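Spelled out, the chains give:
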Amino acid sequence: MLPELDRLIRLQRLETATAEAQEAIEGIPAASAALDARLDERAAELDAAKRRVTAQRAARQTDENALSQVQARLTRYKDQVMAVRTTAELHALQAEIATAEAEVARLEHRVLEQMLEADELTTAVTEAERTESDERTVVEAEREALEDRQRALRAQVERHAGERAALVDELPAHLSALFDTLTRGRKGLAVAEARDGRCMSCRVRLRPQLYNDIRLNRTLIQCESCQRILHYAPEPGAATGQPS
């Protein structure tokens, strides 16, 4: 293979790998934000569970206060029974007692339901706390892995930059300039493979003689359609003779 072509192929591989690494680095903030969103969601669920407990306790306290007031009123009514003087007063007092007893029964039932509900809500808070804690553990591990990946990618970019500079130094100035021009104008792809008679980048069919010349890898040949520098990579295990 022509040495300059070999260097250009390696330069393209570095360019592609660097672009992929840069894209991955640029995606890390979004991945980190997604981790934050997961924690925020678990925290919101825990906060909602705690607020339900607080609201339920307030409602239960209100009913317990109301129950105490009705029970006190019922006690007064019963104490007054011995002091009534007329049948009408007795009937009126008995009606008040019956109403108070019904209200006591209703409130006692409601308070009992709230006690059972309180157990369920407390359990829900405990479960939300466990879920939030487990998620935090998982997210911290994922964030650490994300940070490790970011460091590795940045190191890769720096390493590729050094390798790229070394390759560029070995290329004639006009070829490195051509590579840079094609890279900017062809979405980062200046060197492409030719296979099955086509440029594998723009997919345009190549002239048979041109394709045969490309298969030799002995000269720099550009695609007549997209202008990318073409090379031929034999299939693994394929014979490496002269093209027909």
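Residues numbered from 1 in each chain as written. Predicted model: local features only at pLDDT ≥ 70, side-chain atom pairs only at ≥ 80, totals over all residues. Heavy atoms only, no water.

A few points about the overall build of the protein chain
Inference 1: For the protein chain, the helix and strand inventory stands at 4 helices and 4 strands.
Inference 2: Start at the N end of the protein chain and walk to the C end: the helices and strands fall as α-α-α-β-β-α-β-β.
Inference 3: The C-alpha radius of gyration computed for the protein chain amounts to 41 Å, which surpasses the reference 18 Å derived for 244 residues by more than 25%, pointing to a less compact arrangement than a globule.
Inference 4: For the C-alpha atoms alone, the extent of the protein chain along its principal axes is close to 130 × 35 × 35 Å.
Inference 5: When each of the 244 residues of the protein chain is scored for burial, the buried share is 30%.
Inference 6: A fraction of 70% describes how many contacts in the protein chain between residues 6 or more apart in sequence connect residues 24 or more apart.
Inference 7: For the protein chain, the computed accessible surface area is about 15300 Å², with 51% contributed by carbon and sulfur atoms.
Inference 8: Side chains of the protein chain give 35 positive and 43 negative charges; the mean places of these two sets differ by 7 Å. (Helix = DSSP H or I, 4+ residues; strand = E, 2+ residues; numbered from the N terminus. Rg over C-alpha atoms; globule rule 2.2 N^0.38 Å. Buried < 20%, exposed > 50% of the residue type's maximum accessible area, 1.4 Å probe, protein only. Contact = heavy atoms within 4.5 Å. Areas by Shrake-Rupley, 256 points an atom, 1.4 Å probe, with all protein chains shown as cover. Lys, Arg positive; Asp, Glu negative; His and termini not counted. Charge placed at Lys NZ, Arg CZ, Asp CG, Glu CD.)

Notes on the environment of Gln222
Inference 1: Structurally, Gln222 is set in strand E3 (residues 221–222).
Inference 2: Gln222 gets classed as partly exposed once you look at its relative accessible area, which sits at 31%.
Inference 3: When residues no more than four places from it in sequence are discounted, the contact partners of Gln222 are Leu178, Leu182, Gln227, Arg228, Ile229 and Leu230.
Inference 4: Within the structure, the side chain of Gln222 is placed 2.7 Å from the backbone oxygen of Gln227, a separation counted as a polar contact. (Polar contact = N/O pair within 3.5 Å; in protein donor to acceptor, adjacent residues only side chain to side chain.)

Structural notes on helix H3 (residues 173–185)
Inference 1: For H3, spanning 13 residues, the distance from its first C-alpha to its last is 18 Å, which sits close to the expected 18 Å at 1.5 Å a residue.
Inference 2: Of the positions making up H3, those classed as buried are Leu175, Ser176, Phe179, Leu182 and Thr183. Viewed along the axis of H3, the buried residues span an arc of 130°, placing them on a single side of the element. Every exposed residue of H3 that faces more than 90 degrees away from the buried side is listed here: Ala173, His174 and Arg184.
Inference 3: Its buried side turned inward, H3 meets helix H1 (3–80), helix H2 (87–170), strand E1 (191–195), E3 and strand E4 (229–232).
Inference 4: Taken from the residues just after H3, Lys187 is the one with a positive phi, measuring 55°. (Expected span 1.5 Å × (residues − 1). Arc of directions from axis to C-beta.)

Let's talk about the pairing of E1
Inference 1: Of all the 5 residues making up E1, 4 are buried; the element is thus mostly covered by neighbouring parts of the structure.
Inference 2: Bridge count between E1 and strand E2 (residues 198–199): 2 bridges; the pairing is antiparallel. Bridging from a neighbouring strand, Arg195 pairs with Arg198 of E2.
Inference 3: Taking the residues between adjacent antiparallel strands as the criterion, E1 and E2 are bridged by 2 residues, where Asp196 takes a positive phi near 55°. (Pairing = 2+ DSSP bridges.)

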